[in-house]
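What the coordinates show
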Amino acid sequence: MPITRHLFAVALAAALAWGSAQAYTLEEFQFDNPAQEADFRTLIGKLRCLVCQNESLAASQADLAQDLRQEVYDLMRSGKSNAEIIDFLVSRYGDFVLYQPPVKPSTYLIWFGPFVLIAVGAFLLFRVLRQKGAEPEAEVSAADEARIDALLKAESGSGQDQ
Amino acid sequence: MKGSTLRYLVPLGIFIALAVLLFWGLKQDPHKVPSPLIGKPAPAFELESLTDPGKMIGSGILEGRLSLVNVWSSTCYACAQEHAMLERIAKEEQDLQIIGLDWMDPPEDATDPRPGLAYLARFGNPYRVILYDPDNKAGIDWGVYGTPETFLVDPQGIIRYKQIGPIDAQVWHNEILPIVNQYRPKG
């Protein structure tokens, strides 16, 4: 089926793109073992490039990003923990350097806001649906009811074309 | 009739509130990242002078004086535009010293080892001294991520304001001058 073939092509392209976005910036760095390299890769994925602000430090080509990657690498090699490296950058650049905003009172709105809105919407929807169910059917006068019956009988009598 | 009008007004109200919020969001500039250094001591540095190769300048130069630390580079177009304003400020404000930070401005080739010098010759030099930071040694401590950026440091060495983007007359009068007046040494 053409659809599945398209889906496969898209999935393959996405996998390749994802793979290449992860890999190309790391050739210049030496690591003691693959675990350390994976750690580094994860860490720079969590940090934001402040110049190209939609990109993480892992993906960005900007000069500053290269410089910060070097800085993170140097800090990592000198034995600093992930938390210490993140703290180093946040104390200089602020929370925005984190690709994922921290959960703090100032960010509760963006973290929980969507869920709150969904809950409110669901509640309103629930109420509206319940109301619709409870509404009494429109009052129909006896004369109108008789007309309805007559019309329905006439329709069912004269063979319906379906 | 009244009940159903109200029912229509509530979603409309929510929509308007959301629209206002989103329009406000559109007007924010995400490149103006607020600095966590406001109110904190200026980071220490020890850098070579741009104009005097080999001569080292330490952060002691900020002590006891109100300073503008202006971050620029020779490839920065907006910095060139800002330069005239800086010269004006240097003339008008005798209490204020302007320290330049030539940031990530390494030589392009062997013929021009310090592109910052040609830039100064072309646009003028309002700076008391200029720090040469081609390797982002000091910039990273100050949280510099672009040019131009300008820090206002009070005589006690505390950072009081960070300007992201060039300083024009409006920014100077409305935002920076009030803080300058606040921390200006008395007497």
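Residues numbered from 1 in each chain as written. Chains lettered and ligands numbered in written order. Predicted model: local features only at pLDDT ≥ 70, side-chain atom pairs only at ≥ 80, totals over all residues.

With respect to helix α3 (residues 63-77) of chain A
Residue and element names in this part refer to chain A. Its 15 residues place the ends of α3 21 Å apart at the C-alpha level, agreeing with the 21 Å of an ideal helix rising 1.5 Å per residue. Taken together, the buried positions of α3 are occupied by Leu 64, Ala 65, Leu 68, Arg 69, Val 72 and Met 76. Angular distribution of buried residues about the axis of α3 spans 140 degrees; they occupy a single face of the element. Away from its buried face by more than 90 degrees, α3 exposes Asp 63 and Asp 74. Of the residues one or two after α3, Gly 79 is the one with positive phi, at around 95 degrees. (Helix = DSSP H or I, 4+ residues; strand = E, 2+ residues; numbered from the N terminus. Expected span 1.5 Å × (residues − 1). Buried ≥ 20, exposed ≤ 12 C-beta atoms within 10 Å, placed from the backbone. Arc of directions from axis to C-beta.)

Description of the environment of A:Leu125
Residue and element names in this part refer to chain A. Mapped onto the elements, Leu 125 comes out in helix α5 (residues 108-134). By C-beta crowding, Leu 125 is classed as exposed, having 10 other C-beta atoms within 10 Å. Sequence separation between Leu 125 and Phe 88 is 37 residues; the distance between their C-alpha atoms is 47 Å.

With respect to the interface of chain B and chain A
With twelve residues of chain B at the contact, the number on the chain A side is twelve residues. The residue makeup of the side of chain B that touches chain A, split by class, is seven nonpolar, four polar and one charged. (Contact = placed C-beta atoms within 7 Å. Nonpolar A, V, L, I, M, F, W, Y, C, P; charged D, E, K, R; others polar.)

Remarks on the domain arrangement of chain B
When the domains of chain B are assigned, the result is domain 1 (1-30) and domain 2 (32-183). Of note, the centres of domain 1 of chain B and domain 2 of chain B, computed from C-alpha atoms alone, are 44 Å apart. (Domains from an automatic or database assignment.)

Quick word on the pairing of strand β3 (residues 66-72) of chain B
Residues and elements named next belong to chain B. In terms of residue burial, β3 counts as a mostly covered element, since six of its seven residues are buried. Across seven bridges, the pairing between β3 and strand β4 (residues 96-103) is parallel. Along β4, the bridge assignment pairs Asn 70 with Gly 100. Where the polypeptide runs from β3 across helix α2 (residues 77-92) and back to β4, its parallel neighbour, the crossover connection is right-handed. Strand direction decides the pairing type here: β3 and strand β6 (residues 149-153), joined by five bridges, are antiparallel. What sits directly across from Ser 67, in β6, is Val 153. (Pairing = 2+ DSSP bridges. Right-handed = clockwise from strand over helix to strand, strands pointing away.)

A few points about the packing of helix α2 (residues 34-45) of chain A against α3(A)
Residue and element names in this part refer to chain A. Taken N-terminus to C-terminus, the directions of α2 and α3 make an angle of 135 degrees; their axes are 11 Å apart at the nearest point. Relative to α3, α2 is oriented oblique. With respect to the hand of their crossing, α2 and α3 are arranged in right-handed fashion. Seen from α2, the contacting residues are Phe 40, Leu 43 and Ile 44; seen from α3, they are Arg 69, Val 72, Tyr 73 and Met 76. Of the residues that constitute the contact of α2 with α3, the class distribution is six nonpolar, no polar and one charged. (Axes fitted to C-alpha atoms, helices over the stretch in contact; angles between N-to-C directions. Parallel < 35°, antiparallel > 145°, perpendicular 65-115°, else oblique. Left-handed = near helix turned anticlockwise from the far one by under 90°.)

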